[in-house]
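One-letter residues, chain by chain:
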2 protein chains.
Amino acid sequence: MSFYLHLHIHPKSFYYICGLNKMIKKTELTGVKEIARRANVSIGTVDRVIHNRKGVSDATRQKINLIIEEINYQPNKMASLLASKKILNFAVLIPDISVETDYWTYPLNGIEQAGEEVKQFGITIQYFFYDLHSRDSFNKAAEELLNCNPQAILLAPSFIEESTAMVKRINELNIPLVFINSDLPKQPSLTYIGPELYQSGRLAAQLTSLSIAHEDEIMIINISTDLENDHHLVRKEQGFRTYFNDSKLTNPITTLNIYETHIASVENAVLEALQQNPNVKAFFVTNSRVNIVANILKKHNKTHLLVGYDFLKSNINYLIDGQINFLICQRPKEQGYLAIMALYKYLFNINEPEKAIYMPIDIITKENYQFYNS
Amino acid sequence: MSFYLHLHIHPKSFYYICGLNKMIKKTELTGVKEIARRANVSIGTVDRVIHNRKGVSDATRQKINLIIEEINYQPNKMASLLASKKILNFAVLIPDISVETDYWTYPLNGIEQAGEEVKQFGITIQYFFYDLHSRDSFNKAAEELLNCNPQAILLAPSFIEESTAMVKRINELNIPLVFINSDLPKQPSLTYIGPELYQSGRLAAQLTSLSIAHEDEIMIINISTDLENDHHLVRKEQGFRTYFNDSKLTNPITTLNIYETHIASVENAVLEALQQNPNVKAFFVTNSRVNIVANILKKHNKTHLLVGYDFLKSNINYLIDGQINFLICQRPKEQGYLAIMALYKYLFNINEPEKAIYMPIDIITKENYQFYNS
DNA sequence: TTGTTTTACGTTAACGTACACGTTATGCTA
DNA sequence: TAGCATAACGTGTACGTTAACGTAAAACAA
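Definitions and cut-offs
- Residues numbered from 1 in each chain as written.
- Chains lettered and ligands numbered in written order.
- Predicted model: local features only at pLDDT ≥ 70, side-chain atom pairs only at ≥ 80, totals over all residues.
- Heavy atoms only, no water.
- Least-squares fit on C-alpha atoms with pLDDT ≥ 70 in both.
- Contact = heavy atoms within 4.5 Å.
- Disulfide = S-S within 2.5 Å.
- Pairing = 2+ DSSP bridges.
- Helix = DSSP H or I, 4+ residues; strand = E, 2+ residues; numbered from the N terminus.
- Axes fitted to C-alpha atoms, helices over the stretch in contact; angles between N-to-C directions.
- Expected span 1.5 Å × (residues − 1).
- Buried < 20%, exposed > 50% of the residue type's maximum accessible area, 1.4 Å probe, protein only.
- Left-handed = near helix turned anticlockwise from the far one by under 90°.
- Nonpolar A, V, L, I, M, F, W, Y, C, P; charged D, E, K, R; others polar.
- Parallel < 35°, antiparallel > 145°, perpendicular 65-115°, else oblique.
- Buried area = accessible area lost by both parts, 1.4 Å probe.
- Salt bridge = Lys/Arg side-chain N within 4 Å of Asp/Glu carboxyl O.
- Core = buried A, V, L, I, M, F, W, Y, C linked by side-chain atoms within 4.5 Å.
- pLDDT = per-residue confidence, 0-100.
- Right-handed = clockwise from strand over helix to strand, strands pointing away.

### Describing the relation of the copies chain A and chain B
- Once turned by 180 degrees and shifted 0.4 Å along the axis, chain A lies on chain B with an RMSD of 0.6 Å. Overall, the copies show the geometry of a two-fold rotation axis.
- The residues that chain A uses at the interface reappear at the interface of chain B in 96% of cases, marking a shared surface.

As structure tokens, then:
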């Protein structure tokens, strides 16, 4: 009875006894409790040290840090997630899927798949899309995105200037950011995930060179309404030409720039170019619009070697058809998947990604396209 | 004071008050507690229903099951793991990495990487290796594996009979199982992750046909001490030949079977075959031993087209060298990674894999090998 | 001196599940 | 009908972490 009376006067002693009970029951070897026990402090203090929060004297902090190293403390992720029950909101800003090209469906699929997998960890993904032809739409979407206070951002920085401005603001807010598909090398980011363009041009060149004779002529076709700003195409062309130089191959190579994307315009340009260069035996189209060229060649019963880019439905059809020989592709779906996973792993301290993750450069042909996206 | 006195007499009432407090504080919408609240039972009973344990009346069981469906109850995996603090042990049974070929380092790397990522969820991986030349070693390793009572198994079933016997036992024990690299289609398993051999043979044929002239002869080389049992090689050859048939290509194709793997034996065989078939312009080696052929061709200053398999160091060297033109490869690292992840996702109810996951069939050349394994 | 702020730390209630154990209620046997 | 087994359910607590809250004591101000 005196025990219980004691309880009344100093309720705390009750807990002390509880504490004793627990200590008797258990001999912990890991975790914050063990750290606290060894340091003769409470787990609260340990927690403050672990999370670099203030309110701990330097001496205590040091002692605790020492113990943490000593026992090689690895926080229990499950307990941590359970306790913090924080909801992380990832924001994704990528081009919308236009009628013109369904390229971005693939990264989007990858993003969504990753989203499914990390959902259970309390991660939600919010999507923002912009029109690849409108800088305004990009700015508008970027603004909306930042208003949502995301904890992580995935960005496809198509417009360099506008993206740079946005990235500046993101970095001020200290939000982890990954680039996808194209890089802004000078802007700090967690990582870049996407293609290495120059090398893919070289690969296209190698494939071309293996399939044609020494004297055959080659034509590089760039199709873009905004060619000056499309450094993608330039890099690929550079890679292509350098390969031929490096390999001491003397095939004549001409470049055809087409600034309009309607079939009619491309058709005119290509036919005219072919008249002027009748010995051209192979075409290298530096982006996914290779299906337009395939269409034209088919219409005019031409059987040139045709190499282009990207696993799009319209391209695959011509691949099956035999009109396109090789498509070069850099795992668009995986890009999206890896980007989300990189953010997740970073925020959950699983690991930090490389500064740049270059996707493998895949060659798609009639005989392997079936297995490309499973 | 009277309150504390009350506590003495009926200690429970203290908890009751606590309970009340909690109920006031919270309005839960998910989880066992909510189910218990709706069903007017305790969480203990709900727990029993969820885990199909006895001790619940049919009426109560039905009511609870109904509520579980109603609110679409998804157990919180983290809480569950934390509470049960069970350690899941995955067992891996794959060939060891011989001096002859380092192929299995790649799947192993993938497995280890996945292992790192799931470690935090209390998953450990135990490795068992067998000698590809010894069925006994397989049986021994399989026995050891089963003695460890793993909760999931990853198996590379190289020896069909022995593997089948093992799989039978695994299925009796009801342990989730995935096959990697080769399949046992008739044996039930969670999934198969690996190559589609026939199609990769077709792809090799396509690459070959694009790079040679119509009249050039082709030689298929199978190198294996146990060719009869190596259905891998047979399937690839079938694919290769079928492509030429389907494409109405008339290039003569001969097959050279070599039953010894020493360089000397292969050299003799190849040189002799070349004398008999002087018009051979291209070789297709149906497995990773293509580097042996490359070695021989280089030694004798031959510049035939050479297509083979697998991203091995010795093969890559000849790829850089130019002696090998194409390597076909089916993401060995990813196979290992995906296999572990499939088991993890299955056991954690994230999702169930497809019955068979065929890896993309990649083409590796001098110009893209750098980015293949990042 | 007294009052106020700050520092440094302890305590405790969640988070959602699992399970050992205690308590009734019910049925069955001798 | 006493005695006992067992079915059916409730209770308490552990799991490891987080973070809000509380509170001494120290530092400082008046």
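Right, picking up where we left off after that structure.
### Regarding the state of the cysteines
- Taken as a whole and judged by the stated rule, the model has zero disulfides over all chains.
- The thiol of Cys329 of chain B is unpaired, and the distance to the nearest cysteine sulfur, on Cys329 of chain A, comes to 17 Å.

### Regarding the sheet that holds strand β4 (residues 177-180) of chain B
Residue and element names in this part refer to chain B.
- Pairing is parallel in the open sheet, where six strands are placed in the order β2-β1-β3-β4-β5-β11. The open sheet has two edge strands with one neighbour each: β2 (123-130) and β11 (356-358). Strand-to-strand twist across the sheet, computed as the mean angle between neighbouring axes with direction ignored, equals 15 degrees.

### As for helix α10 (residues 197-211) of chain B
Residue and element names in this part refer to chain B.
- Under the 1.5 Å per step criterion, the end-to-end length of α10 is 22 Å for 15 residues, consistent within 8% with the ideal 21 Å.
- Where burial is concerned, most of α10 is hidden: 12 out of the 15 residues are buried.
- Leu197, Gln199, Ser200, Gly201, Arg202, Leu203, Ala204, Ala205, Gln206, Leu207, Thr208 and Ser209 are the residues of α10 that are buried.

### Examining the packing of helix α12 (residues 263-276) of chain A against helix α13 (residues 290-299) of chain A
Residue and element names in this part refer to chain A.
- It is the contact of α12 with α13, at a shortest axis distance of 10 Å, that shows an interaxial angle of 60 degrees. Viewed along their axes, α12 and α13 form a crossing whose handedness is right-handed. Packed against α12, whose contacting residues are Ile263, Val266 and Glu267, the element α13 presents Ile292, Asn295, Ile296 and Lys299 at the interface.
- Broken down by class, the residue content of the contact of α12 with α13 amounts to four nonpolar, one polar and two charged.

### Observations regarding the packing of helix α4 (residues 43-50) of chain B against helix α5 (residues 58-70) of chain B
Residue and element names in this part refer to chain B.
- Direction vectors running N to C along α4 and α5 enclose 85 degrees, while the axes themselves pass 10 Å from each other. Here α4 lies roughly perpendicular to α5, going by the angle between them. Residues Thr45, Val46, Arg48, Val49 and Ile50 of α4 touch α5, and the partners they reach there are Thr60, Arg61, Ile64, Asn65 and Ile68.
- The residue inventory of the contact of α4 with α5, partitioned by class, reads five nonpolar, three polar and two charged.

### Quick look at the sheet that holds strand β6 (residues 217-223) of chain A
Residues and elements named next belong to chain A.
- With mixed pairing, the six strands of this open sheet are ordered in space as β7-β6-β8-β9-β10-β12. Every other strand in the sheet has two partners, leaving β7 (253-258) and β12 (362-364) as the edge strands with one partner each. Within this sheet the neighbouring strands show an average axis-to-axis angle of 20 degrees, counted without direction.
- Where strand β9 (residues 305-309) meets strand β10 (residues 326-329), three bridges bridge the pair, whose relative direction is parallel. Its bridge partner lying in β10, Tyr309 is registered against Ile328.

### Observations regarding the interface of chain A and chain B
- The interface is formed by 46 residues belonging to chain A together with 46 residues belonging to chain B.
- The contact between chain A and chain B buries some 4000 Å² in all, and 62% of this surface belongs to carbon and sulfur atoms.
- Ionic pairing is found between Asp362 of chain A and Arg331 of chain B, a salt bridge with its closest N-O pair at 3.6 Å.
- Residue assignment for the side of chain A that touches chain B shows that the elements contributing at least two residues are α1 (2-9), α6 (77-84), α10 (197-211), α15 (332-347) and β12 of chain A.
- Of all the elements, α10 of chain A adds the most residues to the side of chain A that touches chain B, at seven residues.
- Each residue belonging to the side of chain A that touches chain B can be placed in one class, and the counts come to 25 nonpolar, 11 polar and 10 charged.

### With respect to the pattern of salt bridges
- Overall, the coordinates contain 33 salt bridges over all chains when judged by the stated rule.
- Of the charged contacts, one joins Glu70 of chain A and Arg38 of chain A as a salt bridge, the two residues approaching to 3.7 Å between their closest N and O atoms. With Glu70 of chain A in helix α5 (residues 58-70) and Arg38 of chain A in helix α3 (residues 31-39), this residue pair connects regions lying 32 residues apart in the sequence.
- With a relative accessible area of 39%, Arg38 of chain A lands in the partly exposed category.
- A salt bridge links Lys298 of chain B to Asp321 of chain B; its shortest N-O distance comes to 3.1 Å. In this pair, Lys298 of chain B is assigned in helix α13 (residues 290-299) and Asp321 of chain B in helix α14 (residues 313-321), connecting sequence segments 23 residues apart.

### Description of the nonpolar core
- Of all hydrophobic cores here, the largest spans 166 residues; its most connected members are Leu93, Leu154 and Ile221 of chain A together with Leu93, Leu154 and Ile221 of chain B.
- Ignoring sequence-local partners within four residues, the contact set of Leu154 of chain B consists of Ala91, Val92, Leu93, Ile94, Ile111, Val178, Ile180, Gly336, Ala339, Ile340 and Leu343 of chain B.
- Listed in part, the 42 residues of the second largest apolar core include Ala205 and Val307 of chain A together with Leu207 and Phe244 of chain B.

### Re the confidence of the model for chain A
- In the predicted model, chain A carries a mean pLDDT of 86, and 91% of its residues have values of at least 70.
- Here residues 1-28 of chain A is modelled with pLDDT under 50, and outside its nearest four sequence neighbours on either side it reaches 14 contacts, counting other chains as well.

### Some details on the environment of Arg235 of chain B
All names here are of chain B.
- With respect to the secondary-structure elements, Arg235 resides in helix α11 (residues 231-246).
- Residue class for Arg235 comes out partly exposed when judged on its relative accessible area of 31%.
- Residues in contact with Arg235, not counting those within four places in the same chain, are Glu196, Leu197 and Tyr198.

### Points about the pairing of strand β2 (residues 123-130) of chain A
All names here are of chain A.
- Bridge analysis of strand β1 (residues 88-95) against β2 gives eight bridges, and the strand direction is parallel. What sits directly across from Leu88, in β2, is Ile123.
- The parallel pair β1 and β2 is bridged by helix α7 (residues 105-118), and the resulting crossover is right-handed.

### A look at the pairing of β10 of chain A
Residues and elements named next belong to chain A.
- Along β10, one buried face is formed by Phe326 and Ile328 and the opposite face, lined by Leu327 and Cys329, is buried too.
- Crossover connection from β9 via helix α14 (residues 313-321) to parallel β10: handedness right-handed.
- Pairing of β10 with β12 involves three bridges; the strand directions are antiparallel. The partner of Leu327 across the bridge, within β12, is Ile364.

### Points about unusual backbone geometry
- Even without glycine at this site, Asn149 of chain A takes up a positive phi of about 45 degrees.
- You can see Asn149 of chain A is positioned in the loop between α8 (135-147) and β3 (152-155).
- In this structure, Asp310 of chain B is a non-glycine residue whose phi angle is positive, near 85 degrees.
- Tracing the backbone shows Asp310 of chain B in the loop between β9 (305-309) and α14.

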